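Here's the letter readout for the chains.
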Amino acid sequence: MNVIQVGVGGMGNTWLGAVQRSPHVNFAGFVEVNDEIARRQAEAYDLDRSHIYRSLPHALEAVAADAVINVTPPEFHREICVAAMEAGIPVLTEKPLAGTLEDARAIVAVAEATGLLCSVAQNYRYRPLAQTVKAILDGGELGAMGAVRAEFFRGPHFGGFREEMPHPLIIDMSIHHFDMMRLFLGSNAAAISARSWNPPWSWFNGDASAAAQIGFANGVQVSYVGSWCSQGFETSWNANWRFECEQGALLVEDDRIYVQRLLSVDEGARGMASAHEEKREIPLIGMERESQDYLLQEFYEAIMKGESVATTAQDNIHTMEFVFGVVDACDSGKTVIL
């Protein structure tokens, strides 16, 4: 499968590496508007500079491609995804699906109208940690889920567009955790109350901290708190999690998974007493491919073999509605019903 990658700097590095590692995917061409980035990346990855173009339409005219990988900033996702699909080319786009909910819905509409695949790179789903948590919850050992808590604290200095966004944590980072919630619970967010704020020391223009209470359609309640300008005791990028279940609890702490099952409940003279098994660490599931490598292989199999993809634009719109529901709840101070 031959692809055009749009955007080769920043996150483009990850996709350049993923394609070069793939036994099935090759580059037909590239699009990069910054000449210095194009020059530097051509040298670093041994790219053919004659196949680096200034726009996607020029690239599509010059080379034959089976697909497009969109690694532009979110505000350009609609332009690139729509241009590719209207030219008859399926797209694998970085998250978020778009910079606004309106743009995301427009992309979904074009995907529906053309019948072409637009897959979204929600790569946190395809890591051993997320797949192991999902397998435990689906296995039934802990029974029905009642509540979830997720905590995320880091202090990255990215520079660039992320530090100019109005809600950088929610739109660019928490989207991963919200999408993981949808995966773990097998349900969509239904009611959201939230607050966001920016600590005095923040290097972000927009609010880099937030807390949310989310009610899901299946009745599970989720509490979320996060910050992108934490000054210590950082969590994993995957966040720390606690799942309260009917027959025990599941913890994710620093990318390690623990389970403790309820063994019995006895009624004694001093009231009810619970007996639990010892805390058990659960080994992570092994994966042949992870993250972008997994997504690229899944995308290839969908295009070339007709296999299904989980993170289509049509499915991912629910993650986008979740994300912008949290933004709306923060901005309005009201509970948002989805």
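Residues numbered from 1 in each chain as written. Predicted model: local features only at pLDDT ≥ 70, side-chain atom pairs only at ≥ 80, totals over all residues. Heavy atoms only, no water.

### A few points about unusual backbone geometry
Now for step 1: Lys95 connects to Pro96 through a cis peptide bond whose omega is -10°.
Now for step 2: Relative to the assigned elements, Pro96 resides in the loop between strand E5 (91–94) and helix H5 (101–114).
Now for step 3: In the Ramachandran plot, Asp254 falls in the positive-phi region, its phi being about 55° despite a non-glycine side chain.
Now for step 4: Inspection of the secondary structure puts Asp254 in the loop between strand E12 (248–253) and strand E13 (256–268).
Now for step 5: Unusually for a residue other than glycine, Ser291 sits at a positive phi of about 50°.
Now for step 6: Among the structural elements, Ser291 can be located in helix H8 (residues 291–305). (Helix = DSSP H or I, 4+ residues; strand = E, 2+ residues; numbered from the N terminus.)

### Overview of the sheet that holds strand E3 (residues 52–53)
Within a sheet, each strand pairs with its neighbour through backbone hydrogen bonds, oriented either parallel or antiparallel.
Now for step 1: Read from one edge to the other, the open sheet built from six strands follows the order E3-E2-E1-E4-E5-E6, with strand pairing classed as parallel. Edge positions in the sheet fall to E3 and strand E6 (118–121), since each of these pairs with one other strand and no more.
Now for step 2: When strand E4 (residues 67–70) meets E5, the two strands line up parallel, connected through three bridges. Across the sheet, residue Asn70 finds its bridge partner in E5, namely Thr93. (Pairing = 2+ DSSP bridges.)

### Quick notes on helix H7 (residues 168–185)
Now for step 1: When the terminal C-alpha atoms of H7 are compared, their 25 Å separation across 18 residues agrees well with the 26 Å that a helix rising 1.5 Å per residue should span.
Now for step 2: A positive phi of about 60° marks Gly186, the residue just after H7. (Expected span 1.5 Å × (residues − 1).)

### A closer look at the packing of H7 against helix H9 (residues 313–332)
Now for step 1: Where H7 meets H9, the closest approach of the two axes is 9 Å, and the angle between their N-to-C directions is 125°. As far as their axial angle goes, H9 and H7 are oblique. In the packing of H7 onto H9, the handedness of the crossing is right-handed. Facing H7, whose interface residues are Ile170, Ile171, Ile175, Phe178, Asp179, Met181 and Arg182, H9 presents Asp315, Asn316, His318, Thr319, Met320, Phe322, Val323, Phe324, Val326, Val327 and Cys330.
Now for step 2: Of the residues contributing to the contact of H7 with H9, the split by class is 12 nonpolar, three polar and three charged. (Axes fitted to C-alpha atoms, helices over the stretch in contact; angles between N-to-C directions. Parallel < 35°, antiparallel > 145°, perpendicular 65-115°, else oblique. Left-handed = near helix turned anticlockwise from the far one by under 90°. Contact = heavy atoms within 4.5 Å. Nonpolar A, V, L, I, M, F, W, Y, C, P; charged D, E, K, R; others polar.)

### Concerning the packing of aromatic side chains
To describe a pair of aromatic rings, one takes the distance between the centres and the angle between the planes.
Now for step 1: Counting across every chain of the model gives 12 aromatic pairs.
Now for step 2: Ring geometry for Phe152 against Trp237: centres 5.9 Å apart, planes inclined by 45°, an arrangement best described as tilted. Linking Phe152 in strand E7 (residues 145–153) with Trp237 in the loop between strand E10 (221–227) and strand E11 (240–245), this pair joins segments that are 85 residues apart in sequence.
Now for step 3: Given the relative accessible area of 0%, Phe152 is considered buried.
Now for step 4: Within the aromatic cluster, the residues linked to one another by ring pairs are Phe158, Trp203, Phe204 and Trp228.
Now for step 5: Above the face of the Tyr124 ring, Arg127 is positioned so that its terminal group lies 3.7 Å from the ring centre. (Phe/Tyr/Trp six-rings, centres within 6.5 Å; stacked < 30°, edge-to-face > 60°. Buried < 20%, exposed > 50% of the residue type's maximum accessible area, 1.4 Å probe, protein only. Lys NZ or Arg CZ within 6 Å of the ring centre and 35° of its normal.)

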